[in-house]
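# Overview (structure and organization)
This is what each chain is made of:
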Amino acid sequence: TLLYTIKFEDYIMARVDSKNLFNFPLKGLAEGQVAGINAMLDQIQQNGPPLEIWKKLLELSVQEDEVSGRQFVEITRANNAGMSAMIKHHPVLSAAAEQIERTEFRVPTTHAGLHDVLVEVYTPLPLVGKKGNPVVVYAHGGGCISGSAADSKPFLDHLAVSCNVVVFNVDYRIAPETQCPNNVMDLYEAIMFVSEHAADLGVDKDQICVFGESGGGYVALGAAAMMAHCEQAHRVKLLLTSIAMVSDYSFSDPLAMTAQERNSATIIRATWRQVAADLAAQRHDPMLFPGKCSDEILAHFPPTVMMEGEFDMFLTENARMAGRLREAGRLLEFVVFPGARHETMLFPDFRTGEVFGGAMEKIIEEYLRK
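Residues numbered from 1 in each chain as written. Predicted model: local features only at pLDDT ≥ 70, side-chain atom pairs only at ≥ 80, totals over all residues. Heavy atoms only, no water.

### Here's the deal with the pattern of salt bridges
What counts is decided by this rule: The term salt bridge refers to a side-chain nitrogen of Lys or Arg lying within 4 Å of a carboxyl oxygen of Asp or Glu. The helix count covers DSSP runs of H or I at least four residues long, the strand count covers runs of E at least two residues long, and both are numbered beginning at the N terminus. Three exposure classes are used, based on accessible area relative to the maximum for each residue type with a 1.4 Å probe and protein chains only: buried under 20%, partly exposed in between, and exposed over 50%.
Here the structure, examined in full by the defined rule, presents 21 salt bridges. In this structure, the salt-bridge partner of Glu 177 is Arg 77, at a minimum N-O distance of 2.7 Å. Note that Glu 177 is positioned in the loop between β4 (166–170) and α6 (182–196) and Arg 77 in helix α3 (residues 66–87), a separation of 100 residues in sequence. Residue classification places Glu 177 among the partly exposed residues on the basis of a relative accessible area of 49%. Given the relative accessible area of 24%, Arg 77 is considered partly exposed. For Arg 106, the salt bridge identified is with Glu 104, shortest N-O distance 3.9 Å. By relative accessible area, which is 45% here, Arg 106 ends up partly exposed. Taken together, the shared-partner salt bridges in this structure form one network comprising Arg 102, Glu 104, Arg 106 and Glu 120.

This is how it looks when you write it as structure tokens:
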């Protein structure tokens, strides 16, 4: 458990300066491409098997016995695996796969038994063999209970090519087989390994970005908290999160939530119950809920960009975290994409489109390269 009253007497980090790159107007509704994607997703989700899967997950999410928990995880994994299988056939993503070289390395760890964490490497062909490349160390989504590094490869191929960076895709262990804090520690150890072996890996130790999405956002924020605690956050030039799981907000009163938060609250609660080794004992632990980091820890975070969707189920907790990081002097940008929901942010047409894709290119260029 991280200390809450730690004092950094000799380790002072200067406040970061935001370039205020984004000011998307929020109108309380989706327009243009986002509206079309949302309508398509509604058509898929509100009919046939996807609707039945959602109903079953809702039913299981309010049961707290072990058997129901296991069924919840199995259905979530099967559902996400099906979506991942479809994504890789997107023409823009499949084209990017032809423009990268895939390699891998492993990071030895001992925090949860002897385990070598797999890290998949995606290098744009023009960067193969070159030294000092900027690098994105990535933690995949899936609620920290599903998914793998391989599932995210199509998106990361495109990220590597469009932003001209090397991507290190960390296959951290997922819950309930590996629970908090050990999933976070897998990513933390990978980040430290990359920092210490950057030259051998062909990347620039001064241009390291850590990027986590959804459940991987929780893992990335938890790893940042550990780095802050250990006075190591200077090793990361940019922390980037998207639609991240941040806190136990889903356990609060649904009447105060947005519709999207309220409709998914029991499913998010069930997910956290799988991620936690002991939810009651870890309730105030920032390694489980990074939103509960102390002010002192937040003041020693890496420079951070947080991205959200206007109608994402994690919007409120991300807005709170962004506000605290801004006050602590560590927030570069809090970017909210108009009309976007959680699933919108993971849809290939949105990911490869001008709004999200352009934002990623700008963030990497302005905050990682410069």
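This is not the end of the story, as more comes after the structure.
### Details of the environment of Thr 304
Rules: Should any heavy atoms of two residues lie within 4.5 Å, those residues are considered in contact.
Inspection of the secondary structure assignment puts Thr 304 in strand β7 (residues 304–309). With a relative accessible area of 0%, Thr 304 lands in the buried category. Remark: the alpha-carbon pair of Thr 304 and Glu 354, spanning 50 residues in sequence, is separated by 22 Å. What Thr 304 contacts, discounting residues up to four positions off in sequence, is Leu 239, Leu 325, Arg 330, Leu 331, Leu 332 and Glu 333.

### Digging into the nonpolar core
Using the following cut-off: The set of buried Ala, Val, Leu, Ile, Met, Phe, Trp, Tyr and Cys residues whose side-chain atoms join them within 4.5 Å is what this entry labels a nonpolar core.
In terms of nonpolar packing, the biggest core is built from 71 residues, with Phe 168, Leu 187, Tyr 218 and Phe 301 touching the most fellow members. For this core, the element with the most residues is helix α8 (residues 215–229), which contributes ten residues. Those residues in contact with Phe 168 that lie beyond four places of it in its chain are Phe 105, Val 119, Glu 120, Val 121, Val 135, Val 136, Val 137, Tyr 138, Val 194, Leu 201 and Val 203. Listed in part, the 36 residues of the second largest apolar core include Val 34, Ala 160, Phe 350 and Ala 359.

### Observations concerning the environment of Glu 365
What counts, and what does not: The term polar contact refers here to a pair of N or O atoms within 3.5 Å; inside protein, the definition further demands a hydrogen-donor-capable atom paired with an acceptor-capable atom, and it admits residues adjacent in sequence only when both atoms are side-chain atoms.
Take Glu 365: it is sitting in helix α13 (residues 354–369). Along the sequence, Glu 365 and Asn 164 sit 201 residues apart, while their C-alpha atoms lie 9.7 Å from each other. Within polar-contact distance, the side chain of Glu 365 engages the side chain of Arg 369 at 3.4 Å.

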